[in-house]
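So the chains spell out like this:
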Amino acid sequence: MGGQNAGKIPLEGHDFALWEKRVDALMVLCSSKGYFTVDGLRRVLEDMGEDSFETMTYYERWVAAINQNMVEAGAYSLHELGTKMAEITARAETYGEASGG
Amino acid sequence: MAETLHNWVRVRAMMPPGHVRTPSYLRGKRGQVERPLGPFHNPEQLAYRLKADQQPLYRVRFSMAEVWGKDAENPGDTLDAEIYAHWLEPCDAP
């Protein structure tokens, strides 16, 4: 409403990937611990700009918003995040193999 | 049974960058307070991890004629939106 034409709305449901369910769980866990509110997530989602709604999936935007809020809350540093990401990337090629490690 | 509506209000027309909960399409529009909803922490502060004041929230009723002007297909239909007190100013009935 009040926005731009967005084409047809896909009405069929779809299952969620494991990583998407984990993003959802992460959001519930981190917000219940008091790191951020839904307002903080919405603010980051809006700040990503219109393009991100075309170029990123729903849960990709979510995990980016959660991460931004966690960094701002001081839950972990960018250095810790980068180190962990490199460690996981080095484990295996695929998400399934890397998360089983 | 007709509902009793309260004061006429106009939504502030400002467009600050950043996170606010007031829909853009209602800014500058006039409506009538349908009911007060009580105080809630201000999302404009919560969004930035600031200590948040409590602000009264109101449910405001707008006519489609007010929202869409001449383009309204059903000018008498209404839309209710929940808007914080600091976005509302008193106004005369249109």
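Here, every reference points to the structure presented above.
Sequence order as written defines the numbering, with residues in each chain counted from 1. Chains and ligands are labelled sequentially in the order written, the chains with letters from A and the ligands with numbers from 1. Only residues with pLDDT of at least 70 are given local features in this predicted model, and only at 80 or more are side-chain atom pairs given and counted; all residues enter the totals for whole chains, interfaces and linings.

A. Spotlight on the overall build of chain A. When you go through chain A residue by residue, the secondary structure sums to 6 helices and 0 strands. A helix here means a DSSP run of H or I that spans at least four residues, while a strand means a run of E at least two residues long, and both kinds are numbered starting from the N terminus. In chain A, the order of α-helices and β-strands from amino to carboxyl end is α-α-α-α-α-α. The principal-axis extents of the C-alpha atoms in chain A amount to approximately 45 × 30 × 25 Å. Buried, partly exposed and exposed are defined by the number of other C-beta atoms within 10 Å of a residue's own C-beta, namely 20 or more, between the two limits, and 12 or fewer respectively, with C-beta atoms placed from the backbone. Per-residue burial over chain A gives 10% buried out of 101 residues. Within chain A, counting contacts between residues at least 6 apart in sequence, those at least 24 apart form 59% of the total. Any residue pair is listed as a contact if its two C-beta atoms, each placed from the backbone, are within 7 Å.

B. Structural context of the sheet that holds strand E3 (residues 54–63) of chain B. All names here are of chain B. Being paired, for any two strands, means DSSP has found at least two bridges between them. As summarised here, the arrangement of the 5 strands in space is E4-E3-E2-E1-E5, forming an open sheet in which the pairing is antiparallel. In the strand order of this sheet, the two ends are held by strand E4 (78–84) and strand E5 (88–90), each with one partner. Neighbour-to-neighbour, the strand axes of this sheet turn through a mean angle of 40°, independent of strand direction. Judged from the 7 bridges that link them, E3 and E4 form a sheet pairing that is antiparallel. Looking across to E4, one finds that Phe-62 is bridged to Leu-79. For helices, the fitted line uses only the C-alpha atoms of the stretch in contact; every axis is such a line through C-alpha atoms, and the angle between N-to-C directions lies from 0 to 180 degrees.

C. Representation of the nonpolar core within the structure. In this structure, Val9(B), Val11(B), Leu26(B), Tyr58(B), Val60(B), Phe62(B), Val67(B), Ile83(B) and Trp87(B) together form the largest nonpolar core, which totals 9 residues. Among the elements of the structure, strand E1 (8–11) and E3 of chain B are those that each provide at least two residues to this core. With 3 residues, the top contributor of residues to this core is E3(B). Residues contacting Val9(B), with those up to four places away along its chain left out, are Gly31(B), Val33(B), Val60(B), Leu88(B), Glu89(B), Pro90(B) and Cys91(B). Joining buried Ala, Val, Leu, Ile, Met, Phe, Trp, Tyr and Cys residues through C-beta atoms within 7 Å gives a set, and that set is a nonpolar core. In this structure, Leu41(A), Val44(A), Ala65(A) and Ile66(A) belong to the second largest nonpolar core, which totals 5 residues.

D. Structural detail: the packing of helix H2 (residues 38–47) of chain A against helix H4 (residues 58–73) of chain A. Residue and element names in this part refer to chain A. Contact pair H2 / H4: the axes reach a minimum separation of 9 Å and the direction vectors enclose 115°. At the point where H2 passes H4, the crossing takes the right-handed sense. For the pair H2 and H4, contact is made by Gly-40, Leu-41, Val-44 and Leu-45 and by Arg-61, Ala-65, Ile-66, Gln-68 and Asn-69, respectively. Residue polarity follows a fixed list, in which Ala, Val, Leu, Ile, Met, Phe, Trp, Tyr, Cys and Pro are nonpolar, Asp, Glu, Lys and Arg are charged, and the others, Gly among them, are polar. Residues of the contact of H2 with H4, tallied by class, amount to 5 nonpolar, 3 polar and 1 charged. With the far helix as reference, a near helix turned anticlockwise by less than a right angle produces a left-handed crossing, and one turned clockwise produces a right-handed crossing.

Any functional reading would require information beyond the geometric quantities listed.
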